[in-house]
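Residue-level structure breakdown
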Amino acid sequence: MGMTLSEKILLSRAEKKTIKAGDTVLVQVDGVMMHDLFAPKVREIFYAMGFKKVWDNERIAVINDHLVPAKTPDDIELHKMGRLFVEEQEIKRYHPGDGVCHILMIERGYARPGEIILGTDSHTCTYGGAGVFATGIGYTEMAAICGTGNIWLKVPETIKIHLEGYLSPGIASKDLILKIIGDLKADGAIYKALEFSGPAVAGLSLAERLTVSNMAVECGAKAGLFPADEITAAYYSELGEQSVAQIKADPDAVYCRTMHYDLTALTPQVSKSPNVDDVSDIACFAGLEIDQAFLGSCTNGRIDDLRIAAKILAGKKIHRNVRFIVTPGSQRIYEKALEEGIIQVLHESGAQITAPGCGLCSGILGGIVPNGDRMISSNNRNFLGRLGGLTSEIFLASPATIAASVLTGKITDPSRGS
Amino acid sequence: MKISGKVFKFGNNIDTDIIIPTKYLVLPSLDEMARHIFEPLRGENFSAQLSPGDVITAGKNFGCGSSREQAVQCITACGVKLVIAESFSRLFFRNCINNGIYVIQSPSIPGMLSERDQVEIDINACEVKNITSGITAKFEPLSDFLYEIVQSGNLIDYFKTRKSW
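What you see is a predicted model, and the numbers here were worked out from it, not measured in a lab.

Now for the overall build of chain A. A tally of regular secondary structure across chain A gives 13 helices and 18 strands. Computed over its C-alpha atoms, the radius of gyration of chain A comes to 21 Å, within 12% of the 22 Å expected for a compact globule of 418 residues. Principal axes of the C-alpha set define a box for chain A whose edges measure 60 × 55 × 40 Å. Residues counted as buried form 62% of the 418 residues belonging to chain A. In chain A, 77% of the contacts between residues at least 6 apart in sequence involve partners at least 24 apart. For chain A, the exposed surface amounts to about 14800 Å²; the carbon and sulfur share of it is 50%.

This is the structure in structure tokens:
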């Protein structure tokens with residue numbers, strides 16, 4: 001019987017001859033990631049469990065991003081404890097503050113096709129865009145992996161998402177994943193994996209795929225996997241990795257459900273707080289005034305996203321009533337945006353450009369949205385009160401929709417031209 | 001093992017930002033964090049209403065959103081050792097097991113429980129008894145492997161004695 005992408009990857013790391021959806025298997029982990037909020041707890045629990053040395057100091061990443069730049073002295077204490085763990089265990093992949101964890105994991109080649117990666121963050125599923133089986137866990141389990149290199153995982157059933165057509169101008173892969181979440185709802189893929197396939201996959205860049213996989217967890221999915229193909233291989237080859245696996249599902253793999261999407265027919269989508277799955281065509285909300293806009297996060301903080309915004313904003317000024325916050329996903333993205341003149345364009349348009357990190361998406365750093373204000377945002381969550389006041393209103397949308405909206409001061413369809 | 005207490009009932013898609021908002025994650029102790037449990041929905045003093053043995057029940061997708069294990073640990077810090085929901089986010093489910101919380105997943109049991117009902121749960125007999133209404137129901141037990149972790153108290157104690165999975 002054929003295997004899904006998840007089954008193939010999990011089998012390759014399990015001491016088993018066959019596996020199928022529903023089995024619980026102990027697997028060898030290829031790498032882990034922990035961020036600043038939880039690294040101190042991982043350290044404390046690791047030693048409390050009786051472990052002395054991590055299983056592999058070259059496969060562990062410790063990344064400061066949720067509290068960068070720190071807001072309080074307590075934040076720095078967390079960073080110090082994380083650094084202590086790095087020093088005690090001689091952990092190689094240490095990033096004291098140069099980008100969002102999920103962006104760095106792909107940018108630095110820490111997560112590679114065909115691998116199993118676990119992270120102390122629910123958006124670890126992002127790496128599925130590069131054909132990595134990646135998902136989030138708590139800090140207690142992270143400590144157990146650091147000690148053993150293993151974790152038990154239930155082999156998920158898979159929902160196949162068959163994609164056809166091409167994205168039209170002004171339409172992004174963000175619109176696709178918002179549409180899928182609106183259809184599946186917040187619990188539609190609990191305990192399951194999503195697997196993206198079909199002719200349209202070859203037309204999506206790695207960055208576009210990462211945006212889609214990033215939000216798989218918003219419909220409850222354990223992982224959101226794209227095949228690793230020529231596009232994936234070309235990306236890793238640029239990083240100097242010549243031998244990454246190309247991996248796809250078997251043609252006769254068994255799926256619990258198949259959904260079809262035609263990218264050509266897709267329109268801009270928005271998700272209205274407080275539920276990510278409350279998704280509508282932008283026409284339902286176009287014209288609503290906005291107070292703030294955010295471009296950044298592990299969903300849409302990549303150079304491709306900044307380029308889209310700069311193209312729309314070049315030579316123009318944002319609406320005077322709008323606060324527009326732009327947070328590049330990493331220092332390298334920031335540097336590239338400087339080189340390409342993107343930072344200058346955004347700056348001249350009136351954007352407030354902040355240091356790389358999770359920014360306001362973590363709900364604790366600059367740009368918090370007050371009660372009664374409305375924000376349009378490129379991130380992945382708009383839960384009740386997450387980004388500020390309990391009566392703030394957050395619309396999730398694509399970078400193009402955000403850029404078009406900051407110009408008019410209203411929610412604006414970027415595919416309609418101006 | 002038997003657990004008895006009052007029921008506190010929540011709806012669908014209760015996310016971990018609601019159980020413990022991000023801004024409280026930097027507080028130095030779990031007890032301080034736990035004072036803010038469910039604050040966005042239930043206001044500032046909800047934790048004072050919870051007593052050891054009480055049970056939290058919810059609808060679909062309980063604990064969705066962020067991986068923050070503090071959401072589960074704040075629940076245990078309030079003395080709650082058992083949660084019942086129609087379905088759970090997988091991350092929250094794992095975090096419950098790893099912190100010694102017994103998890104009952106049932107499409108029907110949350111519907112037979114109301115806020116402040118008195119309940120008794122017999123884990124060995126796989127039975128939930130609603131003392132207030134008199135209704136009883138059976139549930140699917142956890143697998144032996146997961147129950148072993150729950151019975152250890154938490155994953156830390158599990159590893160202290162076993163050293164490996």
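On we go.
In this section: the overall build of chain B. A count of helical and extended segments in chain B gives seven helices and seven strands. Ordering the α and β elements of chain B from the N terminus gives β-α-α-α-β-α-β-α-β-β-β-β-α-α. Taken over the C-alpha trace, chain B has a radius of gyration of 15 Å; the compact-globule value for 165 residues is 15 Å, and the two agree within 12%. If you take every contact in chain B between residues at least 6 apart in sequence, the share linking residues at least 24 apart comes to 64%. As displayed, chain B offers around 6300 Å² of accessible surface, 48% of which is attributable to carbon and sulfur atoms.

Within the element layout of this structure, L84 of chain A appears in helix α3 (residues 73-89). Separated by 15 residues in sequence, L84 of chain A and G99 of chain A have C-alpha atoms that sit 20 Å apart.

Residues and elements named next belong to chain A. The strand order across the open sheet built from five strands is β4-β3-β2-β5-β6, with neighbouring strands paired in parallel fashion. The sheet terminates laterally at β4 (93-95) and β6 (133-136), the two strands that pair on one side only. For this sheet, the mean angle separating the axes of adjacent strands, direction not counted, is 15°. In this structure, strand β2 (residues 31-35) lies alongside strand β3 (residues 60-63), joined through four bridges in parallel fashion. The residue bridging M33 from the neighbouring strand is A61, located in β3.

Next up on the list: the interface of chain B and chain A. Every contact between the two is made by 38 residues of chain B and, on the other side, 40 residues of chain A. Surface buried jointly by chain B and chain A totals about 3400 Å² across both partners, of which 62% is contributed by carbon and sulfur atoms. The largest per-residue losses of area from chain B upon contact with chain A belong to R90, R94 and W165 of chain B, which jointly make up 23% of the total buried on that side. In this assembly, chain B and chain A are joined by two salt bridges. E141 of chain A is the salt-bridge partner of R94 of chain B, the closest N and O atoms lying 2.8 Å from each other. Across the contact surface, chain B and chain A share 18 residue pairs in polar contact (both at pLDDT 80 or more). Going through the elements one at a time, α1 (16-19), α3 (39-42), α4 (70-77), α5 (90-98), α6 (144-152) and α7 (155-162) of chain B are the ones with two or more residues in the side of chain B that touches chain A. Among the elements that make up the side of chain B that touches chain A, the one with the highest residue count is α5 of chain B (six residues). Class assignment for the residues of the side of chain B that touches chain A results in 15 nonpolar, 13 polar and ten charged.

All names here are of chain A. With respect to the element layout, T126 can be found in the loop between β5 (116-119) and β6. With a relative accessible area of 0%, T126 lands in the buried category. At 3.0 Å, the side chain of T126 forms a polar contact with the side chain of N214. Non-local contacts of T126, meaning those with residues more than four positions away in its chain, are made with H102, L210, S213, N214 and R302.

Looking now at the pattern of salt bridges. Residues and elements named next belong to chain A. Evaluated as defined, the whole model comprises 27 salt bridges over all chains. Between K8 and D250 there is a salt bridge, and its shortest N-O distance comes to 2.9 Å. Here K8 is found in helix α1 (residues 5-12), whereas its partner D250 is found in the loop between α8 (230-238) and β11 (257-262), with 242 residues between them in sequence. Taking the relative accessible area as the measure of exposure, D250 reaches 22% and is therefore partly exposed. Here R112 ties to E241 by a salt bridge, and the two come within 2.6 Å at their closest N and O atoms. With a gap of 129 residues between them, R112 in the loop between α4 (101-107) and β5 and E241 in the loop between α8 and β11 connect regions that are remote in the sequence. Assessed through its relative accessible area of 21%, E241 is described here as partly exposed. Counted as one network, the salt bridges with shared partners bring together D98, E107 and R108.

Inspection of the entire model under this criterion finds 23 aromatic pairs over all chains. Ring-pair connections join several aromatic residues into one group, and the members of that group are F46, Y47, F51 and F85 of chain A together with Y158, F159 and W165 of chain B. Taking the ring centre of F10 of chain B as reference, the NZ or CZ of R42 of chain B above it sits at 4.4 Å. Above the plane of the ring of W152 of chain A lies R94 of chain B, whose end atom (NZ or CZ) is 3.9 Å from the centre.

Let us now look at the packing of helix α6 (residues 173-184) of chain A against helix α7 (residues 206-214) of chain A. Residues and elements named next belong to chain A. Closest axis-to-axis distance for the α6/α7 pair is 8 Å, and the angle between their directions is 25°. As the angle between them shows, α6 and α7 are arranged roughly parallel. When the axes of α6 and α7 are compared, the crossing they make is right-handed. Packed against α6, whose contacting residues are S173, K174, L176 and I177, the element α7 presents E208, T211 and V212 at the interface. When the residues that make up the contact of α6 with α7 are grouped by side-chain class, the tally is three nonpolar, two polar and two charged.

Residues and elements named next belong to chain B. Inspection of the secondary structure assignment puts N130 in strand β6 (residues 127-130). Residue N130 is classed as buried on the basis of its relative accessible area of 0%. A distance of 3.0 Å separates a polar atom in the side chain of N130 from the backbone nitrogen of T132. Other than its neighbours up to four places away in sequence, N130 contacts M112, L113, D117, Q118, V119 and I135.

Glancing now at the nonpolar core. Ranked by size, the top nonpolar core spans 110 residues in total, and within it F38 and F62 of chain B carry the most contacts. No other element matches the six residues that helix α5 (residues 139-148) of chain A contributes to this core. Setting aside residues up to four positions removed in sequence, F38 of chain B forms contacts with F10, I14, I18, I19, G43, F46, I56 and F62 of chain B. Counting residues in each nonpolar core, the second largest holds 40 residues, with C125, C219, L266 and C361 of chain A among its members.

With that settled, the discussion passes to the pairing of strand β17 (residues 374-377) of chain A. Residues and elements named next belong to chain A. Burial along β17 is two-sided: R374 and I376 facing one way and M375 and S377 facing the other are all buried. Note: strand β14 (residues 292-295) against β17, three bridges, orientation parallel. Residue pairing for β17: A293 is matched across the bridge by I376. Pairing of β17 with strand β18 (residues 393-396), which is carried by four bridges, proceeds in the parallel orientation. Looking across to β18, one finds that M375 is bridged to I394.

Here is what the cut-offs are and how they apply
- Residues numbered from 1 in each chain as written.
- Chains lettered and ligands numbered in written order.
- Predicted model: local features only at pLDDT ≥ 70, side-chain atom pairs only at ≥ 80, totals over all residues.
- Heavy atoms only, no water.
- Helix = DSSP H or I, 4+ residues; strand = E, 2+ residues; numbered from the N terminus.
- Rg over C-alpha atoms; globule rule 2.2 N^0.38 Å.
- Buried < 20%, exposed > 50% of the residue type's maximum accessible area, 1.4 Å probe, protein only.
- Contact = heavy atoms within 4.5 Å.
- Areas by Shrake-Rupley, 256 points an atom, 1.4 Å probe, with all protein chains shown as cover.
- Pairing = 2+ DSSP bridges.
- Axes fitted to C-alpha atoms, helices over the stretch in contact; angles between N-to-C directions.
- Buried area = accessible area lost by both parts, 1.4 Å probe.
- Salt bridge = Lys/Arg side-chain N within 4 Å of Asp/Glu carboxyl O.
- Polar contact = N/O pair within 3.5 Å; in protein donor to acceptor, adjacent residues only side chain to side chain.
- Nonpolar A, V, L, I, M, F, W, Y, C, P; charged D, E, K, R; others polar.
- Phe/Tyr/Trp six-rings, centres within 6.5 Å; stacked < 30°, edge-to-face > 60°.
- Lys NZ or Arg CZ within 6 Å of the ring centre and 35° of its normal.
- Parallel < 35°, antiparallel > 145°, perpendicular 65-115°, else oblique.
- Left-handed = near helix turned anticlockwise from the far one by under 90°.
- Core = buried A, V, L, I, M, F, W, Y, C linked by side-chain atoms within 4.5 Å.

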